[in-house]
Amino acid sequence: MSEDKDLQHTQKFVYDFTEGNRDLKDLLGGKGANLAEMTNLGLPVPPGFTITTEACKVYLDSGDEPAELRDEVSAHLDALQQTMGKKLGQADDPLLVSVRSGAKFSMPGMMDTVLNIGLSDESVAGLAKQSGDERFAWDSYRRLIQMFGKTVLGVDGELFEEVLDDAKAAKKVTVDTDLDAGDLKKLVKHFKKIVKAEAGRDFPQDPREQMDLAIRSVFESWNTDRAKLYRRQERIPGDLGTAVNICSMVFGNLGPDSGTGVAFTRDPASGHQGVYGDYLQNAQGEDVVAGIRNTVPLADLESIDKASYDQLMQIMETLETHYKDLCDIEFTIERGQLWMLQTRVGKRTAGAAFRIATQLVDQGLIDEAEALQRVNGAQLAQLMFPRFDDGAKSDLIGRGIAASPGAAVGKAVFDSYTAVKWSRSGEKVILIRRETNPDDLDGMIASEGILTSRGGKTSHAAVVARGMGKTCVCGAEELEVDTKRRRMTTQAGTVIEEGDLVSIDGSTGKVYLGEVPVVPSPVVEYFEGRMHAGADDADELVQAVHRIMAYADRVRRLRVRANADNAEDALRARRFGAQGIGLCRTEHMFLGERREMVERLILADTDDERETALSALLPLQKKDFVELFEAMDGLPVTVRLLDPPLHEFLPDITELSVRVALAESRKDANENDLRLLQAVHKLHEQNPMLGLRGVRLGLVIPGLFAMQVRAIAEAAAERKNAKGDPRAEIMIPLVGTVQELEIVREEADAVIAEVEAATGTDLKLTIGTMIELPRAALTAGQIAEAAQFFSFGTNDLTQTVWGFSRDDVEASFFTAYLEKGIFGVSPFETIDKDGVGSLVRSAVEAGRATRPDLKLGVCGEHGGDPESVHFFHEVGLDYVSCSPFRIPVARLEAGRAAAESKGSDSR
């Protein structure tokens, strides 16, 4: 503990904007690091300083600030006051500052910001005199009390909004800029009364107290529920903390020659180059982001203030060239003077990510390896979702700004609580609001899409939706949203009540009543070998995807196979780029009409009955394999022998019991049903997933695995004699000890040799096993003596390592585990590197120590999960296997993992 205190005393907790740079995001947060970078570039940044994330961590760990923080802040505040030639909150000409959060990773709107710190009953008059604008001064003061009351003192923000709405209604105006100084003075008086009543204290008049309380509030906002929820959603670590940026205020609300805006160096929705952003005259920055007032397009600034517009365009080009990426910029114009308040690498849609990456390659700003790192599998998966059918009949009811693309259909809901509640009940919903705020985050996550009647591409709804990959339409002004009455009214008078179906198109901004049919994504049609002639820019997007996928395929080491059980799925997987089948589940071949044959096998009382049942199944199995080997000719096909418990092929025990009881009551009992019921009772297990299944079936039921091996071998021989190139691999499931595998392999080798002799072929069939039990992983060195390959069954391995029954736990307590932060993500979705992953790693090492040429793959759900693919690359697997639809994602992530690994090695 004393060492921690000594270390704390040697730390520097405050940095001037002139001291940092963009590489210090861990320490200064993204906002602070980029403010410092812009200062270093000589751009017009208001002077200020940053309190580090380390100070935040100390505060959150101990409940108090580092002992020396106040003195460091005082020293930097003194320097700032000398630079500005005025003191914080002084009566005649006050220095005002903003106190803003800024974590390493962008968390838009999730943490606290307070503007105009330093204003008081005394200094507001000085600001009015110094600015020559009394209205501006009182507007700034009411904003401070409103923001400070809500964020620092915890007052319900709706209380301030209601008073503000009443003031506008009384004057018969709709926007706050129509309120004069007298109106704003009255608002300040009302706001202070609200603070006194709700917070139990007066609004602080001491400017330093205001600043200190705001700093603490920013620290504490790191652990608000909405911030924690956002971090879980975006997989941001919870121990990073936030920096605090103290910046001298510049004012966009000084009149028509002032304003504030947000700009993007490229369109974050499409990736197209041009002038994109929003501008709002006579306003402060929060007005734009909150979407409270509708903005004008950034291009309009050219006619409003050409000098500032030209300077902004030059700065945007400088920043994009410097950062070599799309930049998101916040700026303020104070009486014709442009100031840069923030820049960051901007969030973008999936399509924009691919387009921008290839554009930057063409411009020579980045190379193909960097372009590959600029996109990810989640974005590619999003591009593969269906879109609305332009040719279908639809009822267009409005149009807004296309803020985040996609086709979303759901029931209209008008508050976050209802969105979450209905979503948990299995309903698909569209969250409809006038504008969203950070408190709506849980509803936004639960919804299929978001629709707002206010705001633009840079509003809270748009920025957060793009980050989450949610469909969003903003600023649909012709739709009147009434959240209190839970309805939306169109210009034509149509009323959409809560629960009515609506469809929103985030690519066009169109809003429809009812459900609009969807068509396949052009990206999916590209992967399937068909080009789509629909949307105007589809070919451009497809070309960008093609270029990046081609590079990923060139550099990746991991091969990508498919989980497929029939020829149709195999052919689709092959079109999607599969390099073989990593898992063919033979139990799926026993369903449907063949279930009765399996029942006969289960009911067999004698060797003859069992042989008869197996003989009936053999030609059917062989036919399936012939078709599969033909579809995947020249590529490996891993066939897993029968795995699930036999009860899965029998009727439900309750249903069958009722049927037999009813038949007996009528005295016409069916002999077969009676035998089936006896078999069901005999096979009943308390925990069938850990019972008679997998290799245990092959050892207990004579001839079962031999029949399947024969079907595989005969199918391979038939293909080989037809000049095909079958490459079958036989996989034994649920092996826990090498002795199980040795017994099954001895039988399988004998059957294969018999088929080879009978057909005159050399089949070169390989035999391996799934590693899906902890014991198998721990004894992998022994098992490798009998196995020619391992395939990690990470679904069952996760169940057995954690002691989870997947079908039960996901519904019963996983939500609570995620909310409490026990999981960052479900271990069935992304591999648990510390537990399950460590067993995979040790099994790889032990297996290859025994058999250096051991082929290694994975065939669980994790094979198509982006983060897990990187882990499998790292531990040295040869391939991943996943569902056909996820093959492009796995290919992309395998390429990214290889490029990332190569980049790390070169460093």
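All values reported here derive from a predicted model rather than from experimental measurement.

Rules used throughout
Residues numbered from 1 in each chain as written. Predicted model: local features only at pLDDT ≥ 70, side-chain atom pairs only at ≥ 80, totals over all residues. Heavy atoms only, no water. Patch = residues over 30% accessible without salt bridge, like charges linked within 9 Å, V, L, I, M, F, W, Y side chains within 5 Å. Areas by Shrake-Rupley, 256 points an atom, 1.4 Å probe, with all protein chains shown as cover. Salt bridge = Lys/Arg side-chain N within 4 Å of Asp/Glu carboxyl O. Lys, Arg positive; Asp, Glu negative; His and termini not counted. Charge placed at Lys NZ, Arg CZ, Asp CG, Glu CD. Helix = DSSP H or I, 4+ residues; strand = E, 2+ residues; numbered from the N terminus. Polar contact = N/O pair within 3.5 Å; in protein donor to acceptor, adjacent residues only side chain to side chain. Buried < 20%, exposed > 50% of the residue type's maximum accessible area, 1.4 Å probe, protein only. Axes fitted to C-alpha atoms, helices over the stretch in contact; angles between N-to-C directions. Parallel < 35°, antiparallel > 145°, perpendicular 65-115°, else oblique. Contact = heavy atoms within 4.5 Å. Core = buried A, V, L, I, M, F, W, Y, C linked by side-chain atoms within 4.5 Å. Expected span 1.5 Å × (residues − 1). Pairing = 2+ DSSP bridges. Left-handed = near helix turned anticlockwise from the far one by under 90°. Nonpolar A, V, L, I, M, F, W, Y, C, P; charged D, E, K, R; others polar. pLDDT = per-residue confidence, 0-100.

K.L.:
Break down a negative patch on the surface for me, citing the residues and quoting the values.
P.N.:
Judged by side-chain charge, D156, E158, E162, D166 and E198 come together as a negatively charged surface patch. Broken down by element, the negative patch gets its largest block of residues, 3 residues, from helix α7 (residues 157–171). With respect to the element layout, D156 can be found in the loop between α6 (134–151) and α7.

K.L.:
Any chance you could break down the side chain of Q146 for me, citing the residues and the numbers?
P.N.:
As for its placement among the helices and strands, Q146 is situated in helix α6. In terms of polar contacts, Q146 uses its side chain to reach the side chain of R142, at 2.9 Å. Only 3.3 Å separates the side chain of Q146 from the side chain of E161, close enough to count as a polar contact.

K.L.:
Could you give an account of unusual backbone geometry, with specific residues and numbers?
P.N.:
With the exception of glycine, most residues fall at negative phi, and the peptide bonds are largely trans. Positioned with a positive phi, K172 is a non-glycine residue whose angle comes to about 60 degrees. If you trace the backbone, K172 turns up in the loop between α7 and α8 (181–199). The backbone phi angle of R335 is positive, close to 50 degrees, even though this residue is not glycine. Tracing the sequence through the fold places R335 in the loop between β9 (327–334) and β10 (337–345). Judged by its relative accessible area of 40%, R335 is partly exposed.

K.L.:
A description of the packing of α6 against α7 should follow, citing residues and the corresponding values.
P.N.:
Two quantities define a packed helix pair, namely the angle between the axes and the distance from one axis to the other. With their axes 8 Å apart at the nearest point, α6 and α7 run at an angle of 150 degrees to one another. Comparing the axis directions of α6 and α7 gives the class roughly antiparallel. Packed against α6, whose contacting residues are R142, I145, Q146, G149 and K150, the element α7 presents G157, F160, E161 and L164 at the interface.

K.L.:
A description of the nonpolar core should follow, citing residues and the corresponding values.
P.N.:
Counting residues in each nonpolar core, the largest one holds 129 residues, and the members touching the most others are F354, L380, V545 and I732. What I732 contacts, discounting residues up to four positions off in sequence, is L641, V695, F705, L741, V744, I767, G768, T769 and M770. One finds L80, Y141, M211 and F219 within the second-largest nonpolar core, a separate group that totals 55 residues.

K.L.:
How would you explain a nonpolar patch on the surface if you had to name every residue and give the values?
P.N.:
On the surface, a nonpolar cluster with roughly 260 Å² of combined accessible area is contributed by L699, V700 and I743. You can see V700 is positioned in helix α27 (residues 695–700).

K.L.:
Account for the pattern of salt bridges, with residues named and values stated.
P.N.:
The tally for this structure, following the rule as stated, stands at 61 salt bridges. Notably, a salt bridge pairs K57 with E54, separated by 3.2 Å at the nearest N-O pair. Placement of the pair is K57 and E54 together in helix α3 (residues 53–62), with a separation of 3 residues, close to one helical turn. We classify E54 as partly exposed; its relative accessible area is 25%. One network of salt bridges, in which partners are shared, links R135, D139, R142, R143 and D176.

K.L.:
Run through helix α28 (residues 704–721), naming residues and quoting values.
P.N.:
An α-helical turn contains 3.6 residues, so any two residues separated by three or four positions project in the same direction. Here α28 is 18 residues long and its end C-alpha atoms lie 26 Å apart, about the 26 Å a rise of 1.5 Å per residue gives. With 13 of 18 residues buried, α28 lies mostly within the body of the structure.

K.L.:
Account for the sheet that holds strand β17 (residues 471–474), with residues named and values stated.
P.N.:
If you walk across this open sheet you meet the 8 strands as β12-β22-β21-β14-β15-β16-β17-β13, and the pairing is mixed. A single partner strand is all that each edge strand has here, and the edge strands are β12 (395–399) and β13 (401–404). Here the strands of the sheet are splayed against their neighbours by 30 degrees on average, with no regard to which way each runs. Across 3 bridges, the pairing between strand β16 (residues 449–452) and β17 is parallel. Considered in β17, the bridge of I450 is made with C472. Strands β14 (407–413) and β15 (429–433) of the sheet are contacted by helix α17 (residues 416–424), whose axis makes an angle of about 110 degrees with β14.

K.L.:
Explain the packing of helix α35 (residues 836–850) against helix α36 (residues 866–875) to me, using residue names and the numbers behind them.
P.N.:
Relative to each other, α35 and α36 sit at 30 degrees, their axes nearing to 10 Å. Of the possible angle classes, the one that applies to α35 and α36 is roughly parallel. In this structure, α35 crosses over α36, and the sense of that crossing is right-handed. Note on element contacts: α36 touches α35 through F871, E874 and V875, opposite G837, V840, R841 and V844. Residue composition of the contact of α35 with α36, by class: 4 nonpolar, 1 polar and 2 charged.

K.L.:
Help me get a handle on the confidence of the model for the chain, residues and values and all.
P.N.:
On average, residues of the chain score 89 in pLDDT, and 94% of them are at 70 or above. Confidence drops under a pLDDT of 50 for residues 1–9, and excluding neighbours within four residues, the segment shows 6 contacts in the predicted structure.

K.L.:
Lay out the sheet that holds strand β6 (residues 259–266) with the relevant residues and their values.
P.N.:
In sheet architecture, strand pairing relies on hydrogen bonds along the backbone and comes in two forms, parallel and antiparallel. Spatial strand order, β8-β7-β6-β9-β10: 5 strands in an open sheet with antiparallel pairing. In this open sheet, the two edge strands, each paired with only one partner strand, are β8 (296–297) and β10. Two elements, strand β7 (residues 273–281) and β8, share 2 bridges in a ladder whose sense is antiparallel. Across the sheet, D278 pairs through a bridge with P297, a residue of β8. Helix-sheet contacts for helix α13 (residues 306–323) involve β6, β7, β9 and β10, and the interaxial angle to β10 is about 25 degrees.

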